[in-house]
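Reading the structure
Each chain, letter by letter, is given below.
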Amino acid sequence: MISLNFNENDFNEKAKEFREISEKLNDTWELNEKMGKIYLVKKQKISIQNKKEQEVEFGEIVIDDASAVNSIPETIYSIEYHVVFHPSYQVPVLYFNAHSDDGRFVNFDDVSKIFVEDYELKQYKDEIYQIISQADHPILFKPFYMIHPCHIHEVLSKFPESKNFILTFLTIYGPSVRLKMLEGYEKFYMEKEVMANI
Amino acid sequence: MSENKIFQYVQFKSVVAPDFWYKLAENKLNIEKLDEIDQHIVGTYTNLNAKNCLIDFDCTSFNSKIVTSRNKFGAVGVLKNLNTIESFKNCDKISLLNTAGNQLITNILNGTCLENPSELASFLLLSFADLKKYNFYYWFAFPASLDLVIYEASPSQFISEKFTDEDIKNFTLKIDSLDTKQSAFFIANKTLDVILLKDAISHVKTDSNLLDFDLSSNYFCFSDPSESKCGWVLRNYILLLYLLCPILRGQSINILSVRQSEQNSLKASKVFYVTLPKYNDDFQFLTWTSWEKNNNGKMMPRIANMSEVMDPIKTAEHFAMLNLKLMKWRLLPALNLDIIKTQKCLLFGAGTLGCGIARSLMSWGFSNISFIDSGHVSYSNPVRQSLFTYADAYQNKFKSKAAAERLLEILPSVKSHGHVLTIPMPGYPINESTRQKTIEDVDMIVNMIKDSDVLFLVTDSRESRWLPTLLGSYFGKIVITTALGFESYLVMRHGASKSHEQDELEEEISGLKCIPGNKLGCYFCNDVTSPGNSIRDRTLDQQCTVTRPAVSNIAASISVELLVSLLQHEKNICAPAYYQINNKSTDVVESIPESMLGIIPHSVRGYLSTFSNILPATERFNQCIACSDFVLNEYKEHDKEFLFKVFNSAEYLEKITNLEDFANMDDDIINELDDDSDSG
Ligand SMILES: [Zn+2]
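Below, the structure is looked at part by part. Along each chain, residue indices are assigned from 1 in the same order as the chain's sequence is written. As they are written, the chains are lettered A onward and the ligands numbered 1 onward, keeping that order. Local features are withheld for residues below a pLDDT of 70 in this predicted model, meaning they are given only at 70 or higher, and side-chain atom pairs are given and counted only at 80 or more; totals for whole chains, interfaces and linings count all residues. To obtain the side-chain values, all non-hydrogen atoms of the structure were used and water was disregarded.

**A short note on the interface of chain B and chain A**
The contact criterion used is simple: two residues touch if any of their non-hydrogen atoms lie within 4.5 Å. Taken together, the 66 residues of chain B in the interface contact 51 residues of chain A. Accessible-area loss on putting two parts together, using a 1.4 Å probe and summing over both, is the definition of buried area adopted here. Each partner contributes to the roughly 4,900 Å² buried at the junction of chain B and chain A, and carbon and sulfur atoms together form 55% of this total. Here, a salt bridge means any side-chain nitrogen of Lys or Arg that lies within 4 Å of a carboxyl oxygen of Asp or Glu. Linking chain B with chain A are seven salt bridges, by the criterion used here. Note that B:K298 is salt-bridged to A:E55, the shortest N-O span being 3.2 Å. Of the residues that constitute the side of chain B that touches chain A, the class distribution is 36 nonpolar, 16 polar and 14 charged. Charged residues are taken to be Asp, Glu, Lys and Arg, nonpolar residues to be Ala, Val, Leu, Ile, Met, Phe, Trp, Tyr, Cys and Pro, and polar residues to be all remaining types, Gly included.

In structure tokens:
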């Protein structure tokens, strides 16, 4: 049963459990620690086509190389997701940052563009900017994007049967920022339950 | 062999993390300075859920030891960070690539690559860091021999088509037990037992390498960062095999591309069958590829501008705008923040109102705010005038200068100037000794007004608002007047000038009278001197030297909000205003047409005694001493000659506007004061 009044200790415990399952699944969640506070981290890369790059005005070289695949130009975005227990909201909060392959952070106006295809963009923008903000990461004190935590407690309380509220939280909030949960997590808890009932 | 397809590799694509540039900049400033020495740096790539053949660089790239982990493999390279953009542009890229290629051959022939197979994933990074603009010019090269071409022998197969589940499962464990240096490139036999390169191949007696090797049942394995065709790293592996194992030349061999997916599965791994060429023994590998392509698919250098995060001024600007952007996205998608950002605001007066208005303008994202004021900061100012401190008073700074400096301290990206200027006033004669200076001052004021979009009239006397009112009207600028009484305030937008022609009629709404924007009055139209003006409220016109202290903040805030509402209206300065015709119906106020931010009144008069506002709208007065055609035409015809006549005698205005009951301003000084007057 989920405790509706979970605290930081519950978060730490569930985060460690989550991290262990991730390891078993060869998923890439990591558990980071700073000044006694822990948070979950996952890095992910996505590629987007047709983003025109601003070019320098010099130096083009042409090499005819029959052994190289002629790839379609793409921009790669690296996204880093953090799940942090928020000190004032007392709920898990999803923070993220993203940068393009040249090392520039994705700015606020463009952040929606990395999560959806162009044709979905308008509607998505309307939705995502309702919940997204930019704020200092409560542990790292660096600016991160965040999904605003004002309804998280209410939403989580609708899942009293949840085995791990971090998993439930990520299952609900992750997809809006292209963070999909592997099926293995749910399976892990289901199998655990089956074992317990034998 | 020639009818076979050339085997192709997917090129590496670099992914640079922001902290890579931080570290590069830090090293340049603190360690290398003006040296241009080659530095060894490292990159990493992964074969876990890999796509696009990516190679990562971050701050750990500068560490002497490669930070690798399971499924994360090292690549080794050289950074050439040049001192000037010219040397970056002009250095010989082909010869750099050839040097890197020759180094690779040396490393293969001397056994380095057998001992440390990661050396096969080699790269070169050419860069120039423009640390003034936070621009990083860079270009990665991933050397590979252009001369060595191999062919597809037969179609590729998934690992499960060749090996038993049991063997694959054990293979996973064996790979995991290896150092990633070794698991990047190795050999496996028919049951997927692992053989290290250094154990199978010698760089000394190459002719005897792999002599008793059954090519059909052994596999040359590599951890593949690419998901379909093989990744670039294989290309140098093939070069190694060609150079060190002459027996393979002209032969077909098996390549196992090892690809990991979740749940420790190797199911994406594939076996490729390729045929190596056989060149003459004295064949030289002389030509090399390849510089990385940019994101438009062109082989050319790239530039990363990091100013938004590395330049604290830009960062501050960004975060100042953030709340406005959130407001736009969440509540007001049509909100035009650009027009706000680009408006140039000129404040006549840097007292309580001027400070408050500037503060509110900044909070709305206005980025160009300048002041005209001739006074000094006095000891009574700082508690009420929100841009000043005790130190400003102690140093007796000019208010306009101190205010502009303070804005820059608050947000360095703001453009703000303080001008110490006295505004000439009607009825304040100019004598010969000050004439030249006054001419210059008027010219400056005219030029500044021409160069502005919005004027705020917040000086401490009514007469000093006359010249900017006239000029604002003449040049068609938005003018906002703000004035304070003891417990009351007036905020008014002046009507648009005649030059803003408006033909279309405004919508008729019963119970309301509509005044188009170009027919609205100015501060002086409602003047005590205007005959027949029955709605004038006397409270404001009493001479007050004191005001309830926070009333100025209220008035300043309303002034800025009125401007913002106006700027968001499609007709801008020409937005109409409405007032109620009769008092019978009390609901008509609700039928006043609204723009995005609600209604846009002509003026707001507020009373703190009842905490209420009224919203009078008045038409331009045809004989107004500041905005009527008489005055504007006179200015057009005679320019400063006219102005000086007025400065010397306010009665001249009465004459040209045919105002018989014009009261001499000298006799009837009516103060609608900024409480700046507490200082004098
Ligand atoms: Zn007027």
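**Structural notes on the packing of aromatic side chains**
Pairing of aromatic rings covers Phe, Tyr and Trp, the last through its six-membered ring, and needs centres within 6.5 Å; plane angles under 30 degrees mean stacked, over 60 mean edge-to-face, and all others mean tilted. Inspection of every chain in the model, using the stated rule, returns 53 aromatic pairs over all chains. Relative to A:F165, the ring of A:F6 has its centre 4.1 Å away and its plane inclined at 5 degrees; by these criteria the two rings are stacked. With A:F6 in the segment before helix 1 (8–25) and A:F165 in helix 4 (residues 165–173), this pair connects stretches of sequence that are 159 residues apart. Taking relative accessible area as the criterion, A:F6 reaches 5% and is therefore assigned buried. A:F165 gets classed as buried once you look at its relative accessible area, which sits at 5%. Ring-pair connections join several aromatic residues into one group, and the members of that group are B:F12, B:F20, B:W21, B:Y45, B:F57, B:F62, B:F73, B:F123, B:F136, B:Y138, B:F140 and B:F142. Over a ring means this: the NZ of a Lys or the CZ of an Arg is within 6 Å of the ring centre and within 35 degrees of the ring normal. One cation-aromatic arrangement involves B:R465 over B:Y523; the distance from NZ or CZ to the ring centre is 5.3 Å. The secondary structure listing takes helices from DSSP runs of H or I that are at least 4 residues long and strands from runs of E that are at least 2 residues long, numbered from the N terminus. Burial classes follow relative accessibility: with a 1.4 Å probe on protein chains only, a residue under 20% of its type's maximum area counts as buried, one over 50% as exposed, and anything between as partly exposed.

**Topic: the coordination of the zinc ion**
All names here are of chain B. Water is not part of the atom set, so a site may look incomplete; the donors themselves are N, O and S atoms within 2.8 Å of the metal, or 3.2 Å for Na, K and Ca. Of the protein atoms, only C522 (SG), C525 (SG), C624 (SG) and C627 (SG) coordinate the zinc ion, at distances of 2.2 to 2.3 Å. For a four-donor site, all angles between 85 and 135 degrees give tetrahedral; for four or six donors, opposite pairs above 155 degrees with the remaining angles between 65 and 115 give square planar or octahedral; all remaining cases count as irregular. One can describe the site at the zinc ion as tetrahedral: its four donor atoms subtend angles covering 97 to 123 degrees at the metal. In primary sequence terms, the donor set of the zinc ion follows C-x2-C-x98-C-x2-C. On the accessibility criterion, C522 (2% relative accessible area) is buried. What makes C525 buried here is its relative accessible area of 3%.

**A short note on the sheet that holds strand 6 (residues 143–147) of chain A**
Strand pairing in a sheet relies on backbone hydrogen bonds, with the paired strands running either antiparallel or parallel. Residues and elements named next belong to chain A. Paired strands are those between which DSSP finds at least two bridges. What the six strands build is an open sheet, ordered 1-2-3-4-6-5; its pairing is antiparallel. Taken across any chain shown, the strands that pair with only one partner, and hence form the sheet edges, are strand 1 (30–34) and strand 5 (132–136). Averaged over all adjacent pairs, the angle separating strand axes in this sheet is 35 degrees, with direction ignored. In terms of strand pairing, strand 2 (residues 37–49) meets strand 3 (residues 74–85) through 11 bridges, oriented antiparallel. Note that in strand 3 the partner of K45 across the bridge is S78. Here, axes are lines fitted to C-alpha atoms. For helices the fit covers the stretch in contact, and angles between N-to-C directions go from 0 to 180 degrees. This element, helix 4, spans strand 2, strand 3, strand 4 (92–100) and strand 6 of the sheet and lies at about 50 degrees to strand 4.

**Points about the pairing of strand 20 (residues 454–457) of chain B**
Residue and element names in this part refer to chain B. The alternating pattern of strand 20 places V454 and F456 and L455 and L457 on opposite faces, both of which are buried. Pairing of strand 17 (residues 344–348) with strand 20, which is carried by four bridges, proceeds in the parallel orientation. Counterpart to L346 in the pairing with strand 20 is L455. In terms of strand pairing, strand 20 meets strand 21 (residues 478–484) through four bridges, oriented parallel. When the sheet's bridge partners are listed, V454 is paired in strand 21 with I478.

**Some words on the sheet that holds strand 19 (residues 418–419) of chain B**
All names here are of chain B. Pairing is mixed in the open sheet, where eight strands are placed in the order 19-18-17-20-21-22-25-26. Across the chains shown, the open sheet's two edge strands, defined by having one partner strand only, are strand 19 and strand 26 (612–614). Of the strand pairs in this sheet, strand 22 (residues 488–493) and strand 25 (residues 603–607) are connected by five bridges, and their pairing is antiparallel. Within the sheet, the bridge partner assigned to Y489 lies in strand 25 and is G606. The sheet strands contacting helix 17 (residues 466–474) are strand 17, strand 20 and strand 21, and the helix crosses strand 20 at an angle near 160 degrees.

Remember that the coordinates give geometry; whether it matters functionally is a separate question.
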